[in-house]
Amino acid sequence: MIRIPCPFCGTRDHSEFTYGGDASITYPALDAPKEEWHDAVFLRDNICGPQLETWHHVHGCRMWLVIERDTMTHEIMSVRPANPKLSALFEDNSEADQ
Amino acid sequence: MTARRLDHGGRINRAHPLSFTFDGNTFRGYKGDTLASALMANNETVLGRSFKYHRPRGIMSAGVEESGAIVTVGRDASREPNVKAPMQELYEGLSAEGQNAWPNVRFDLGAINGLFSRFFAAGFYYKTFMGLPPFEWGHGTRLWMLYEKLIRKAAGMGSASREPDPDCYDHVHAFCDVLVVGSGPAGLTAALTAAEAGRDVILVEQDFELGGDTLSDPSREIERAQLVDALAKAGVRIMPRTTAFGLYDHGTAGLLERVTDHVADPADQLPRQRFWTVRSDATILATGALERSIAFDNNDRPGVMTAAAARSYLNRFGVLPGQKIVIATNNDSVHHTAVALASAGADVTLADIRKHGASDLPADIELREGVAPLKVHGRSGVEAVAFASASGNNWSAAGQTDCDLLLVSGGWSPVVNLSSHRGAKPAWNAELACFLPGLTNEPIYHAGSAAGIWEYEACKASGEWAATAALGEATAPPQPGGWSTPIKPLYEVRLPEAKTKAFVDFQHDVTGDDVRLAQQEGFVSVEHLKRYTTLGMATDQGKMGNVIGLALMADALGKDIPDAGTTRFRPPYTPVSIGALAGRNVGHHFKPLRRTPLHDWNLKHGATMTEAGPWHRPWYFAKTGEVIDEAYVREASTVRKTVGICDVSSLGKIAVQGPDAAEFLNRVYSNGFAKLPIGKARYGIMLRDDGFVMDDGTTWRLGETEFLMTTTTTNAGKVMVFMEELLQTRWPDLKVHVSSVSDEWAAVSVAGPKARATIAACLAEGEYISNEALPFMGVRKITLANGIPGLIARISFSGELAYELYVPAGHGAAMMDLLWPEAERQGGCLYGLEALGTLRIEKGHVTGAELDGRVTIDDAGLGKMASTKKPFIGSALRQRPDLLRHDRPQLVGIFPKNPGQTFKGGAILCADGEVSGFGEGWITGVTHSPMFGHWIGIGFISGGHTAWAGKTVIASDLTRSEDVEVEIVSPHMYDPEGVKMHG
Ligand SMILES: [Zn+2]
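Predicted model only: the values in this text are computed from it and were never measured.

About the cut-offs
- Residues numbered from 1 in each chain as written.
- Chains lettered and ligands numbered in written order.
- Predicted model: local features only at pLDDT ≥ 70, side-chain atom pairs only at ≥ 80, totals over all residues.
- Heavy atoms only, no water.
- Helix = DSSP H or I, 4+ residues; strand = E, 2+ residues; numbered from the N terminus.
- Buried < 20%, exposed > 50% of the residue type's maximum accessible area, 1.4 Å probe, protein only.
- Contact = heavy atoms within 4.5 Å.
- Areas by Shrake-Rupley, 256 points an atom, 1.4 Å probe, with all protein chains shown as cover.
- Lys, Arg positive; Asp, Glu negative; His and termini not counted.
- Charge placed at Lys NZ, Arg CZ, Asp CG, Glu CD.
- Pairing = 2+ DSSP bridges.
- pLDDT = per-residue confidence, 0-100.
- Phe/Tyr/Trp six-rings, centres within 6.5 Å; stacked < 30°, edge-to-face > 60°.
- Buried area = accessible area lost by both parts, 1.4 Å probe.
- Salt bridge = Lys/Arg side-chain N within 4 Å of Asp/Glu carboxyl O.
- Right-handed = clockwise from strand over helix to strand, strands pointing away.
- Core = buried A, V, L, I, M, F, W, Y, C linked by side-chain atoms within 4.5 Å.
- Donors = N, O, S within 2.8 Å, 3.2 Å for Na, K, Ca; no water.
- Tetrahedral: all angles 85-135°; square planar, octahedral: opposite > 155°, others 65-115°.
- Axes fitted to C-alpha atoms, helices over the stretch in contact; angles between N-to-C directions.
- Polar contact = N/O pair within 3.5 Å; in protein donor to acceptor, adjacent residues only side chain to side chain.
- Expected span 1.5 Å × (residues − 1).
- Parallel < 35°, antiparallel > 145°, perpendicular 65-115°, else oblique.
- Left-handed = near helix turned anticlockwise from the far one by under 90°.
- Nonpolar A, V, L, I, M, F, W, Y, C, P; charged D, E, K, R; others polar.

**Q** Outline the overall build of chain B, listing residues and values.
**A** A count of helical and extended segments in chain B gives 22 helices and 50 strands. With respect to the three principal axes, the spread of C-alpha positions in chain B is 115 × 70 × 55 Å. Here chain B, with 983 residues, has 58% of them falling under the buried criterion. Here the analysis covers contacts within chain B between residues at least 6 apart in sequence; of these, 66% occur between residues at least 24 apart. When the accessible area of chain B is evaluated, it comes to approximately 40100 Å², of which 53% is carbon and sulfur surface. On chain B, the mean spot of the 96 positive side-chain charges and the mean spot of the 112 negative ones are 3 Å from each other.

**Q** Please provide a residue-by-residue account of the overall build of chain A, values included.
**A** Along chain A, the regular secondary structure elements total two helices and six strands. Projecting the C-alpha coordinates of chain A onto the three principal axes gives extents of approximately 45 × 30 × 25 Å. Burial statistics for chain A: of 98 residues in total, 35% are counted as buried. Only carbon and sulfur atoms are counted for the fraction: they give 50% of the accessible area of chain A, which is about 5600 Å². Across chain A, the mean location of the 8 positive side-chain charges is 8 Å away from that of the 16 negative side-chain charges.

**Q** Describe the pairing of strand β43 (residues 802–808) of chain B, listing the residues and the values that go with them.
**A** Residues and elements named next belong to chain B. For β43, a buried count of six out of seven residues is recorded, marking the element as mostly surrounded by other parts of the structure. Across seven bridges, strand β40 (residues 745–751) lies against β43 in antiparallel orientation. Counterpart to Ala-747 in the pairing with β43 is Tyr-806. Across three bridges, strand β42 (residues 789–793) lies against β43 in antiparallel orientation. Note on β43: the bridge partner recorded for Ile-792 is Leu-805.

**Q** Talk me through the confidence of the model for chain B; I want residue IDs and the actual numbers.
**A** For residues with low pLDDT, the predicted coordinates do not support detailed interpretation. With 94% of its residues at a pLDDT of at least 70, chain B reaches an overall mean of 92. Note that pLDDT drops below 50 for residues 131–140 of chain B; the model gives that stretch nine contacts with residues more than four away or on any other chain.

**Q** Please provide a residue-by-residue account of the packing of aromatic side chains, values included.
**A** By convention here, two paired aromatic rings are described through the distance between centres and the angle between planes. Residue and element names in this part refer to chain B. Summed over all chains, the structure comprises 18 aromatic pairs over all chains. Centroid distance Phe-245 to Phe-275: 5.5 Å. Interplanar angle 45°. Geometry classified as tilted. Residue Phe-245 is found in strand β12 (residues 242–248), and its partner Phe-275 is found in strand β14 (residues 273–285); the two are separated by 30 residues along the sequence. Neither residue differs from the other here; Phe-245 and Phe-275 are each classed as buried. On the basis of an interplanar angle of 50° and a centroid distance of 6.1 Å, the ring pair of Trp-745 and Tyr-806 is categorised as tilted.

**Q** Run through the interface of chain A and chain B, naming residues and quoting values.
**A** Taken together, the 26 residues of chain A in the interface contact 31 residues of chain B. Carbon and sulfur atoms make up 62% of the area that chain A and chain B hide from each other, which totals about 2400 Å². Ranking the residues of chain A by area buried against chain B places Met1(A), Leu30(A) and Trp64(A) at the top, with a combined share of 29%. Taken together, the connections running from chain A to chain B amount to three salt bridges. Glu724(B) serves as the salt-bridge partner of Arg62(A), at 2.8 Å between the closest nitrogen and oxygen.

**Q** Kindly report on the pairing of strand β19 (residues 347–352) of chain B, identifying the contributing residues and their values.
**A** All names here are of chain B. The buried fraction of β19 is high, at five of six residues. Examined bridge by bridge, strand β18 (residues 324–329) and β19 share six bridges and lie parallel to one another. Looking at β19, one finds that Ala-328 is bridged to Ala-351. In this fold, the crossover linking β18 to β19 by way of helix α7 (residues 335–343) has right-handed handedness.

**Q** Break down the nonpolar core for me, citing the residues and quoting the values.
**A** Judged by nonpolar contacts, the single largest core of 48 residues is most densely connected at Leu35(B), Tyr313(B), Ile327(B), Leu341(B) and Leu407(B). It is helix α1 (residues 35–41) of chain B that provides the largest number of residues to this core, a total of six residues.

**Q** I'd like to hear about the coordination of the zinc ion, residue by residue, with values.
**A** Residue and element names in this part refer to chain A. Looking at the zinc ion, the protein donor atoms are Cys-6 (SG), Cys-9 (SG), His-57 (ND1) and Cys-61 (SG), and they sit 2.0 to 2.3 Å from it. Coordination at the zinc ion is tetrahedral: its four donor atoms span angles of 106 to 114° at the metal. Each donor residue of the zinc ion belongs to the same chain, and together they define the spacing C-x2-C-x47-H-x3-C. Separated by 48 residues along the polypeptide, Cys-9 in the loop between β1 (3–6) and β2 (10–13) and His-57 in the loop between β4 (50–56) and β5 (64–70) bring together distant segments of the chain. What makes Cys-9 partly exposed here is its relative accessible area of 25%.

**Q** With reference to specific residues and values, describe the sheet that holds strand β32 (residues 607–612) of chain B.
**A** Residue and element names in this part refer to chain B. Read from one edge of the open sheet, three strands run β31-β33-β32, paired in mixed fashion. Each end of this open sheet is capped by a strand with a single partner; those strands are β31 (594–595) and β32. As paired strands, β31 and strand β33 (residues 615–621) are joined by two bridges and run parallel to one another. Bridged to Arg-595 within β33 is His-616. This element, helix α21 (residues 833–843), spans β32 and β33 of the sheet and lies at about 75° to β33.

**Q** Which residues make up the environment of Ser956(B), and what values do they have?
**A** Residues and elements named next belong to chain B. Here Ser-956 lies in strand β49 (residues 953–956). For the pair Ser-956 and Asp-33, spaced 923 residues apart in the sequence, the C-alpha separation amounts to 66 Å. Non-local contacts of Ser-956, meaning those with residues more than four positions away in its chain, are made with Ala-907, Ile-908, Val-915 and Asp-963. At 3.2 Å, the side chain of Ser-956 forms a polar contact with the side chain of Asp-963.

**Q** Could you give an account of the sheet that holds strand β37 (residues 693–703) of chain B, with specific residues and numbers?
**A** Residues and elements named next belong to chain B. One open sheet accounts for five strands, arranged β36-β37-β38-β35-β39; its pairing is antiparallel. At either margin of the open sheet sits one strand with a lone partner, and together these are β36 (681–687) and β39 (737–740). Each strand axis lies, on average, 30° off the axis of its neighbour in the sheet, ignoring direction. Relative to β39, strand β35 (residues 652–657) runs antiparallel, the two being bridged by four bridges.

**Q** Please set out helix α5 (residues 221–233) of chain B residue by residue, giving values where relevant.
**A** All names here are of chain B. Compared with the 18 Å implied by 1.5 Å per residue over 13 residues, the 18 Å span of α5 between its first and last C-alpha is a close match. Looking at the buried positions of α5, the neighbouring elements they touch are α4 (185–196), β10 (201–204), β11 (237–239) and α9 (456–470). Within two residues after α5, Gly-235 carries a phi angle of roughly 85°, on the positive side.

**Q** For the environment of Ala661(B), give the residues involved together with the corresponding values.
**A** All names here are of chain B. Structurally, the position occupied by Ala-661 is in helix α17 (residues 661–668). Residue Ala-661 is classed as buried on the basis of its relative accessible area of 0%. For the pair Ala-661 and Val-736, spaced 75 residues apart in the sequence, the C-alpha separation amounts to 5.4 Å. Excluding residues that lie within four positions of it along the chain, Ala-661 makes contacts with Val-656, Thr-705, Phe-707, Lys-735 and Val-736.

**Q** Which residues make up α21(B), and what are the values?
**A** Residues and elements named next belong to chain B. Taking burial as the measure, the eleven residues of α21 include nine buried ones, the bulk of the element. Listing the buried residues of α21 in full gives Ala-835, Leu-836, Gly-837, Thr-838, Leu-839, Arg-840, Ile-841, Glu-842 and Lys-843. Packed against the buried residues of α21 are β33, α16 (628–641), β34 (644–647), β47 (921–929) and β48 (934–942). Following α21 by one or two positions, Gly-844 has its phi on the positive side, about 75°.

**Q** Describe the pattern of salt bridges, and please don't skip the residues or the numbers.
**A** Residues and elements named next belong to chain B. As enumerated under the stated definition, the model contains 55 salt bridges over all chains in all. In this structure, Asp-33 and Arg-5 form a salt bridge, with 2.5 Å as the shortest nitrogen-oxygen distance. Pair noted here: Asp-33 is in the loop between β3 (25–31) and α1 and Arg-5 is in strand β1 (residues 4–5), with a separation of 28 residues, a long-range link. No difference in accessibility class separates Asp-33 from Arg-5, as the two residues are buried. For the salt bridge of Arg-237 with Asp-200, the shortest nitrogen-to-oxygen distance reads 2.9 Å. Pair noted here: Arg-237 is in strand β11 and Asp-200 is in the loop between α4 and β10, with a separation of 37 residues, a long-range link. Residue Arg-237 is classed as partly exposed on the basis of its relative accessible area of 34%.

**Q** So, the packing of helix α10 (residues 512–520) of chain B against helix α11 (residues 526–533) of chain B: which residues are in play, and what are the values?
**A** All names here are of chain B. With their axes 10 Å apart at the nearest point, α10 and α11 run at an angle of 120° to one another. As far as their axial angle goes, α11 and α10 are oblique. Remark: the crossing between α10 and α11 carries right-handed chirality. For the pair α10 and α11, the contacting residues are Asp-514, Val-515 and Ala-518 in the first and Leu-529, Tyr-532 and Thr-533 in the second. Residue composition of the contact of α10 with α11, grouped by class: four nonpolar, one polar and one charged.

Now the structure itself:
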């Protein structure tokens, strides 16, 4: 069982979360050609080591998070809100803390 | 073996006698005994029969590594098989039985297997039965499955009760700074050091007393008691009878606490066991070491046990396990044992494979140096032991000695299981002849003999070191070792070319010959060896024998032990009952149950409920004497003739709010929502990214920036999660907020020609729902006659004139009390899911049964709804060529050729005369249609209904019923123009 430090709720068991998917994907515009969508939806690397992934704190704050996790060791290197605006706010705050 | 209880000594309470039974005979023990020590005190030696050969087996250890005295405890529904007798605390009235023997362990007919033992060598099962004629894998496999059943019966383990488990189990969660596993000198010191530094400490001990090895050492008792006392004062949470069975990611540990397994008459409120999930910042493993055996002929006879076990039975339980004792060793650890046994009155011979030259043993202990046990004589007990001495690479016979007990110490294996769970690979230490814990970056620290530290004071020091390390103060770990004369590695003793029964894995009857045979047959990887011979795969997981097996494997391969490799340990360290895993999540609590706000009202009005996912929903409302088939047909026809009311509260409801709400919905739904006027509802279909249908439902525009989305009952959660993902990850610029309001509303559908009249009579003065005031797909806020505010939408799932009425959940029953008498006056009825199904199948409306994740919007016959003017989620990938093929299965209606015939949901649809494979399509729902007067169905078939017009199709249900001839029709079977719902 892995434990995830949610930026909003603190460290919680993974049973409170659901796994989303590959967080390194930038989804194409809705009107992008189907080939681009094909690549975004179906092509995935099978990473052994650190990978970016999305998790949803579904039984918590319901925020989507971007987590850098090592698929070999389950070590979690970083967690940030998936919403880039919120993520930027967190970074501003952590800089202010220093 | 002639064991007896001494009249003094040990930690048992002689003032507190207990009686218990084994195989029906009554015996006496004392409080503080284990089942094993009490049986030994009564000189019961044969306690079980072995797995394959049914050889007699007795007590081999005094702990968790036991692989001989494995018994069944308890009666009837509470029977627990495969209990290790040394781990079972004795209680008044305990009832135990030997296992794997018929009629009993002393006279076992299954022992005849031993005469055919050469047939049971490694891989025997696979070779013999898989290869039986006709030598084909398919047939051979079937035969194997048949034979396997017979073999399992003959070579079984204990059998569990077939009755439901009468006990209950709890799940408990806990947090701490430092988790200490094991309460020997290292564990006690570690826990005390951490606690005195102000840390929150949990100390776990699988035994019922704290102290580990010191429990068998009376000279340490005062110090042990002081340490335990200090722990309690320091606020350590002490958990005896608790096994840390697994370590998991991020400092999580799984513990099993045995709450009442030692209690004769447990209090009702107590669970039998508790399953703990503990999260700790640091973990200290003071798990000790287990003494190994040595492989030699008949090393499994009752009366052969580990040397440490004898010390424990003598010093802890006051039982002298034998009178004439031979101790065979290759290391220093047996010294105390020999002395203690001799001073308790036994006649002791110490056979040490090492040659010391000088001995500091008392004169009454006979020392034989340079010899090792070669063979045990005696069938169901030890009568004599033959020795061998090593000459070069071979062994030669070196006389024999009469004895009734043979104690063996083949070295010590630190318990590295828990850190191995974390992927720390144990490292072979040739000097100490054992695996030491592997390296890990996690805050896991080993202390005491778990780290290969053998001496008492050094163990305590290492406990202190581990605690300091766990507090974050890194210092160099203490060095392992501590014996004055080095251990001489010794794994097997046999004369050249001798045929022996020298066991490596006692519980699974794996011998040294089996290991060599496996190697000869090409199993050179230790993981393959393990599976082929089943070495280490019994309930003891090879705690006594794995290292020997590995050493013999390495020898056969001509490699060193570290090059042969070791297998990775996996949880659980000791077995965990299924009941503990399940906890309270059994019976009604197996899954969550959801009730609608109208639940009680429905029950009061005669609803029979059914499960729809987690929901309980009304299935039908039977009148007196009616069965389900009569009830739903009546309900469906009443809706078509007058009016019916159906609880639809379980539908998902999501508030979509914000300045960009319309734009958001326009992207999510495949059809247009940007221009939906205020006060209007629209049916929408949303797709997944990959172009398949995700869900459908109506969305109501309540204001410029406010929408209420409804989803299917099943997909409410999924749709909500997806919309949150879109808003947070892909479209953070959209000013939209979504929130689930499913539980806020009680909702009913009022359907039928009299629906308007029924509702109109229940409205507050001045509220109108005429066709002009509330046209088809109109939505309005409304107040009921009793003042309840709500929403009304003119939406039809049944194809009739119909409305959905929403009121705040708490007012649901009051709304029904208003509506229902009026509906009754109109000749109406309450209807449930079954009639709802009838009405929607007649109309060809899709539900989750059709939208199963493999269906495109075109397959569902709704392709025309998808906008061509705007892009939306799934719009790109629904254009993939294969999804546009015209011969894809498409939604159709199904009529029987002979109107008298019925057919079933789940049947496959095949062309006439071609019933095979997956067929051309399938049936997703069937019902008796009161409008048509016969059974109808809905489903999918290649090319849709036009491709099959006029052709006979077979509905084939291979497992339940006969083939039925059907014809394929348009899915819009009833009122295809929709005249009625617009009326
Ligand atoms: Zn959270």
